[in-house]
Amino acid sequence: MSNKNLAEDILSIIGSENIVNVTNCMTRLRLQLINKNDSIDDKIKKLDGVLGINYSDNELQIILGPGKATNVANEFKNLIQKPQIGDGKALHEEIRAKNATPSKLFLKKIAGIFVPLIPAFIACGLITGCVGLTIKIEPELVNLPIIKLLMIAGNTIFFGMNLFVGFNAAKVFDGTPILGGILAALISHPNLSEVTLNGESLLPGRGGVISVVLVAALGAYIEKKLHKIIPEMFDLFLTPLITFLIAGTAAIFILQPIGGAISETIGSLATNAVESSGAVVGFILAGLWLPMVMFGVHQAMTPIHVDLIGRYGVTILLPILAMAGAGQVGASIAVYFKTKNSFLKKTVASALPVGIMGVGEPLIYGVTFPLGKPFIAACIGGAFGGAVVANFMVGAATLGISGLPLAAATNNIAIYFAGLLTSYVVGFIATWIIGFDDPAE
């Protein structure tokens, strides 16, 4: 079925009068509905190309997989030819307000700061990983100009990371992005080390991205207040100046030390926990990761990964958490061989390749979670794989990817593969033993 035909079929099942808004993410077509209607679920699930569905309040999320989700969403928007349908913008805003809990809004802001940086981390992290592997195999290549250039390329994201975060953070907090960028540049400037306050030299970049987010948020807050009190004729000149001076002063004397303390605490807790009880910590984290993804709290890990990479060059948490997706792969393979349902077999076959490549949502919502017991088995498989990689403190120089592609960015590819294989096998065995209620055709 073509993307256009699939969009047409989905629209005919739901009805344009029941749709408020159409968006998409990497793997899902997201339709904000006026009213949920359980009768449409089975019809949509049976469409060729649909891997599963999920609801978040009144938002119907149709899981299609990477690439296809964007293409079908574009076709869907072409069919309706307007961003607001149904009862229009007022109803859409009403639904958004209903779902705008403080925790969801906070996580959305955090995601808005860091998610745009993920493509850069992927590109630079994979370059760093591949170069590191090449040097391990042939150490004499380290002095080649092309290797040196690639090492610089792999480090590029770290060279400008604070500026990017400051720019995005100010934008997310409704300030002027470039002011967030220069505030980040201020607390990252190498010449800070030449300044001594209270007998101690300042430390450029102390607190990493946490300090940057704090100062950018403060700068945005000050800027919005100043816009209200400074006369319009002076606003262009005085607002950015005063914002920069006040927020910059607060950053040097207050926010950077606070951010540094938070960053150092997070880094120490993470590394010490894995160092002292590696296998146990890995087992718990990887075993709980899929439920965390289901509840949407996984976004809170992104700034922690970024901070760890900034401090140590790798995040030791991402390889552990990646094992949860591998557990799902093993569980889904067991489902494929055990089920007699042809549609379920087809769903597994469609979602499995992207699951192996680290995109787990199609398997979660299309296979393991709807069946129940395989989801638990997947968590068990992930837990055992997490114990393996945590025991050897495998780190990754990137974020935003998982599964097989992440191997190239890790500092111990052999152990990472051992963790994946463990998760596959244990997830498969656990599903085979626990079983599941095979759905009727």
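Our subject is the structure that appears above.
Residues numbered from 1 in each chain as written. Predicted model: local features only at pLDDT ≥ 70, side-chain atom pairs only at ≥ 80, totals over all residues. Heavy atoms only, no water.

Attention now goes to helix 14 (residues 361-371). Counting buried residues along helix 14, eight of its 11 residues qualify, which places the element largely inside the surrounding structure. Phi turns positive, to about 85 degrees, at G372, one or two residues after helix 14. (Buried < 20%, exposed > 50% of the residue type's maximum accessible area, 1.4 Å probe, protein only. Helix = DSSP H or I, 4+ residues; strand = E, 2+ residues; numbered from the N terminus.)

The biggest cluster of nonpolar side chains holds 80 residues, and the ones touching the most others in it are F114, F121, V165, L406 and Y416. In this structure, F114 is in contact with V165, V209, V213, T302, P303 and V306, ignoring residues within four places of it in sequence. (Core = buried A, V, L, I, M, F, W, Y, C linked by side-chain atoms within 4.5 Å. Contact = heavy atoms within 4.5 Å.)

In a packed pair of helices, the relevant descriptors are the angle between the two axes and the axis-to-axis distance. Relative orientation of the contacting elements helix 8 (residues 177-188) and helix 9 (residues 208-229) amounts to 135 degrees, with a least axis distance of 9 Å. The angle between helix 8 and helix 9 places the two elements in the oblique class. Two packed elements cross with a definite hand, and for helix 8 against helix 9 that hand is right-handed. Contacts from L179, G180, L183, A184 and I187 in helix 8 reach S211, V212, V215, A216, G219 and E223 in helix 9. For the contact of helix 8 with helix 9, the class distribution of residues is seven nonpolar, three polar and one charged. (Axes fitted to C-alpha atoms, helices over the stretch in contact; angles between N-to-C directions. Parallel < 35°, antiparallel > 145°, perpendicular 65-115°, else oblique. Left-handed = near helix turned anticlockwise from the far one by under 90°. Nonpolar A, V, L, I, M, F, W, Y, C, P; charged D, E, K, R; others polar.)

As a further point, take the sheet that holds strand 4 (residues 59-63). Strand order in the open sheet formed by four strands is 1-2-4-3, and the pairing between neighbours is antiparallel. At either margin of the open sheet sits one strand with a lone partner, and together these are strand 1 (19-24) and strand 3 (52-56). Direction aside, the axes of adjacent strands within the sheet are offset by 20 degrees on average. As judged from the five bridges shared by strand 1 and strand 2 (residues 28-33), these two strands associate in the antiparallel manner. Bridge pairing in strand 2 links N21 to Q32. This element, helix 1 (residues 3-14), spans strand 1, strand 2 and strand 4 of the sheet and lies at about 25 degrees to strand 2. Contacting strand 2, strand 3 and strand 4, helix 14 crosses the sheet at an angle of about 95 degrees to strand 3. (Pairing = 2+ DSSP bridges.)

All right, on to unusual backbone geometry then. Notably, D174 is not glycine yet its phi reads approximately 65 degrees, a positive angle. Within the element layout of this structure, D174 appears in the loop between helix 7 (145-172) and helix 8. At M393, a position not held by glycine, the phi torsion is positive, near 50 degrees. Looking at the secondary structure, you find M393 in the loop between helix 15 (373-391) and helix 16 (403-406).

For the rest of this paragraph, the subject is the packing of aromatic side chains. Under the defined criterion, the tally for this structure stands at four aromatic pairs. Geometrically, the ring pair formed by Y336 and F337 is edge-to-face, given 5.5 Å between the ring centres and 90 degrees between the ring planes. Relative to F375, the ring of F369 lies with its centre 5.4 Å away and its plane at 80 degrees, an arrangement referred to as edge-to-face. For F369, a relative accessible area of 41% puts it in the partly exposed group. For F375, a relative accessible area of 11% gives the class buried. A cation sits over an aromatic face here: K338 above W432, 5.1 Å from the ring centre. The cationic tip of K345 hangs over the ring face of Y336; the distance from NZ or CZ to the ring centre is 4.4 Å. (Phe/Tyr/Trp six-rings, centres within 6.5 Å; stacked < 30°, edge-to-face > 60°. Lys NZ or Arg CZ within 6 Å of the ring centre and 35° of its normal.)

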